[in-house]
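Fold and contact review
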Amino acid sequence: MYRVLIVDDEKMIRMGMKNAIDWKKLGVDDVFTAASGNEALKILKEEGPEIMVTDIQMTEMTGLELIKAARESVPELRVIVLTGFDNFEYARESLRLQVQDFFLKPIDEDDLFNAIEKQIKELKEQENKEQNQARVWRSQGSVVQMRLEQCMRNLVHTKADKEMQLYILQKDFQFDIKQKMSLILLEQGMYTEQQNDGKFRAMTVKNVCMSMVDSQNRGITFVDDDGTIAIVCFEKDDDDSVLEQIEELSDVLKDEFEYKPKITVGSVVQGFENLAISYNDARYLLEHEKKNIQDIIQTMGAQNKKKIFWEIYAELRNIMISNIGTPDYVLKAFNTFTKATESYNLSPSAVRRCCFEIASTLIFSYMEVSCEVEEGKLDALSKSLSSAGKEEACEITRMFIEQLIENDEEDVHYTISNARHYIDEHLAEDISVSSIAESLYITPNYFSRLFKRITGEGCNEYIVRKRIEKAKSLLETTSIKTGKIAMMVGYRDTNYFSLAFKKHTGKSPTKYREEMQNT
């Protein structure tokens, strides 16, 4: 994430710029404001923003003077200049100071957004270039690699000045020393066998690890003081989780050496300064869990957390399936799933898999019980999810479910309308929920839930009510015998008809006719 500093001596302008931009969308974590050049220099020193947006005409210190002073302490600072004066000298001086962009006030918020986005893109390109150069530098020289590995051993065994090791990692190897990471250890059984090629085998295993981890900037492979291969795995929000990386590595090692090593995973820590904690966790598991049948062993807390999430996920998915005819329940369960992915820090790839599984399960459930679904919807969803982050994957899937429900709701109202018409037309027959559902080509359970949700009463209750209403009308307006009316509204037993009628009206059919026709 990046940081931006906005400098302007007019509060309305600087706060307007701060509030007008969707900084999160740009990937900006912190936005600082300063009312003067001196205040800006203090923020530059303490907070280290990468981008500065500044006015030129300010009291106390001009924007050009600020840029000159800032360049002396932060030469890599990227600067965007704003001015209310169309002055050629300002533009020329800005170019001399290597300003990245120059705008006349007032600046449109879209233009400012695009200008900052451009600077962030160039910052990312520069960072990637530096990281690539660092990786090339490492791969080109064994001396450099040996220096890095010694630095890692010093950190995990806490036998040298920690601050110096962190400085080397940041300045010489271009690592983000504050990123999240965890350390894994490979059981020595596969690469320290008592045979002539033991050292060569160990080197080959290590090279495989480096090609899968180090070369892709996913971590650092080294050998600890005990000769055990250790890998620092970086946790990245837009990448697979450490566990998924390890599973992939484990499969490759098994294919390559026909031996699946036991791998222990230390706890996730924040920054290289805490790497020894993760190493000690992994070392403890390696020494005390050798009889464990699992190939990949995590700390108990991590195992329990993973188990709890998958139990919650299974329960929520079942809720969505069992309430397929009740959209509110389906969406509520999915929203709970979304919160769970954050609470349990699920990796983006795991979130994508869960989302696709939920969507595919729901779409097949809808196809089974209610209606046809537009062809190709799952393929389109799969493509949309393929490169989505966690939040984006959940949002895409939520929209998919809402659209599925919306389309189904249109069919639902059409279905219920047809059901009512069918009931009115077949009151004299022996109709039931099953026969109505069959006529509509849907399952009885699904139809029963839909009817209750849309109409507010059960289908059987509706049928009885419509039969009694028709019977009341016939009793009021005709002289047809009660037994015949019973047959006309679907009752084959006159006594049962009389009981049902009295239950709903409080009177027998005969009594009801007498009262209504004598009024």
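What comes next is a walk through the structure. Note that the structure is predicted; figures quoted are calculated from it, not measured.

Parameters at a glance
Residues numbered from 1 in each chain as written. Predicted model: local features only at pLDDT ≥ 70, side-chain atom pairs only at ≥ 80, totals over all residues. Heavy atoms only, no water. Phe/Tyr/Trp six-rings, centres within 6.5 Å; stacked < 30°, edge-to-face > 60°. Helix = DSSP H or I, 4+ residues; strand = E, 2+ residues; numbered from the N terminus. Buried < 20%, exposed > 50% of the residue type's maximum accessible area, 1.4 Å probe, protein only. Pairing = 2+ DSSP bridges. Salt bridge = Lys/Arg side-chain N within 4 Å of Asp/Glu carboxyl O. Axes fitted to C-alpha atoms, helices over the stretch in contact; angles between N-to-C directions. Contact = heavy atoms within 4.5 Å. Parallel < 35°, antiparallel > 145°, perpendicular 65-115°, else oblique. Left-handed = near helix turned anticlockwise from the far one by under 90°. Nonpolar A, V, L, I, M, F, W, Y, C, P; charged D, E, K, R; others polar. Arc of directions from axis to C-beta. Core = buried A, V, L, I, M, F, W, Y, C linked by side-chain atoms within 4.5 Å.

In this structure the tally under the stated criterion is 12 aromatic pairs. Where W310 meets Y313, the ring centres are 5.6 Å apart and the plane angle is 85°; that geometry is what we call edge-to-face. A residue pair is termed a helical-turn pair when its members lie 3 or 4 positions apart in one helix, as W310 and Y313 do in helix α12 (residues 300-322) at 3 residues. Residue classification places W310 among the partly exposed positions, given a relative accessible area of 31%. Looking at Y313, the relative accessible area reads 6%, which means it is buried. Arranged with centres 5.5 Å apart and planes meeting at 45°, the rings of F334 and F337 form a pair that is tilted. Highlighted residues: F334 and F337, both in helix α13 (residues 327-343), separated by 3 residues, approximately one helical turn. For F337, a relative accessible area of 0% puts it in the buried group.

Within strand β8 (residues 229-234), 6 of the 6 residues are buried, leaving the element largely enclosed by the surrounding structure. Residues I229, I231 and C233 of β8 are buried on one face, and the alternating residues A230, V232 and F234, pointing to the opposite face, are buried as well. In terms of strand pairing, strand β6 (residues 180-186) meets β8 through 5 bridges, oriented antiparallel. Looking across to β8, one finds that L185 is bridged to A230. In this sheet, β8 lies alongside strand β7 (residues 219-223) in antiparallel orientation, the contact comprising 5 bridges. Across the sheet, T221 pairs through a bridge with I231, a residue of β8. Two successive antiparallel strands, β7 and β8, enclose a turn made up of 5 residues, where G227 displays a positive phi of approximately 85°.

Let us now look at the pattern of salt bridges. Tallied over the full model, the rule gives 16 salt bridges. A salt bridge links R218 to E248; the nearest nitrogen and oxygen atoms lie 3.6 Å apart. Of the two residues, R218 sits in the loop between α9 (198-212) and β7 while E248 sits in helix α10 (residues 242-257), which places them 30 residues apart along the sequence. Under the relative-accessibility criterion, E248 is labelled partly exposed at 36%. Here R465 makes a salt bridge to E457, at a shortest N to O gap of 2.7 Å. Looking at E457, the relative accessible area reads 16%, which means it is buried.

Spatially, 5 strands are ordered β2-β1-β3-β4-β5 in an open sheet, and the strand pairing comes out parallel. At either end of the open sheet lies a strand with only one pairing partner, and these are β2 (28-34) and β5 (101-104). Direction aside, the axes of adjacent strands within the sheet are offset by 15° on average. As paired strands, strand β1 (residues 2-7) and strand β3 (residues 51-55) are joined by 4 bridges and run parallel to one another. Bridge pairing in β3 links V4 to I51. This element, helix α1 (residues 11-20), spans β1, β2, β3 and β4 (78-83) of the sheet and lies at about 175° to β2. Against the sheet, helix α3 (residues 37-47) makes contact with β1, β2 and β3, and its axis sits at roughly 150° relative to β2, the strand it touches most.

With their axes 8 Å apart at the nearest point, helix α19 (residues 459-477) and helix α22 (residues 509-517) run at an angle of 50° to one another. When the interaxial angle is binned, α19 and α22 end up oblique. In this structure, α19 meets α22 at a crossing whose hand is right-handed. Here K472, L474, L475 and E476 of α19 come into contact with α22, specifically with P509, Y512, R513, M516 and Q517. When grouped by side-chain class, the residues that make up the contact of α19 with α22 number 5 nonpolar, 1 polar and 3 charged.

Before going further, it helps to spend a moment on unusual backbone geometry. Positive phi outside glycine occurs at T158, with the angle close to 45°. You can see T158 is positioned in the loop between α7 (142-156) and α8 (162-171). Overall, T158 belongs to the exposed group, its relative accessible area being 58%. Positive phi, close to 60°, is recorded for N217, a residue that is not glycine. Within the secondary structure layout, N217 lies in the loop between α9 and β7.

Bringing the pairing of β1 into the picture now. For β1, a buried count of 5 out of 6 residues is recorded, marking the element as mostly surrounded by other parts of the structure. In this sheet, β2 lies alongside β1 in parallel orientation, the contact comprising 6 bridges. Looking at the pairing, Y2 lines up with V28 of β2.

The topology assignment puts E149 in helix α7. With residues near it in sequence (within four places) discarded, E149 still touches K206, T221, F222 and V223.

If you check which residues of helix α4 (residues 63-73) are buried, you get G63, L64, L66, I67, A70 and R71. Buried positions in α4, seen along its axis, are confined to an arc of 155° and lie on one side of it. Residues of α4 that are exposed and angled more than 90 degrees away from the buried face: E72 and S73.

Membership of the largest hydrophobic core comes to 47 residues, with the highest contact counts inside it found for F337, I423 and F447. Taken together, the elements giving at least two residues each to this core come down to α12, α13, α14 (348-369), α15 (377-385), α16 (390-425), α17 (433-440), α18 (444-455) and α19. Not counting the four nearest positions on each side in its chain, I423 is found in contact with I431, I436, F451, C459, Y462 and I463.

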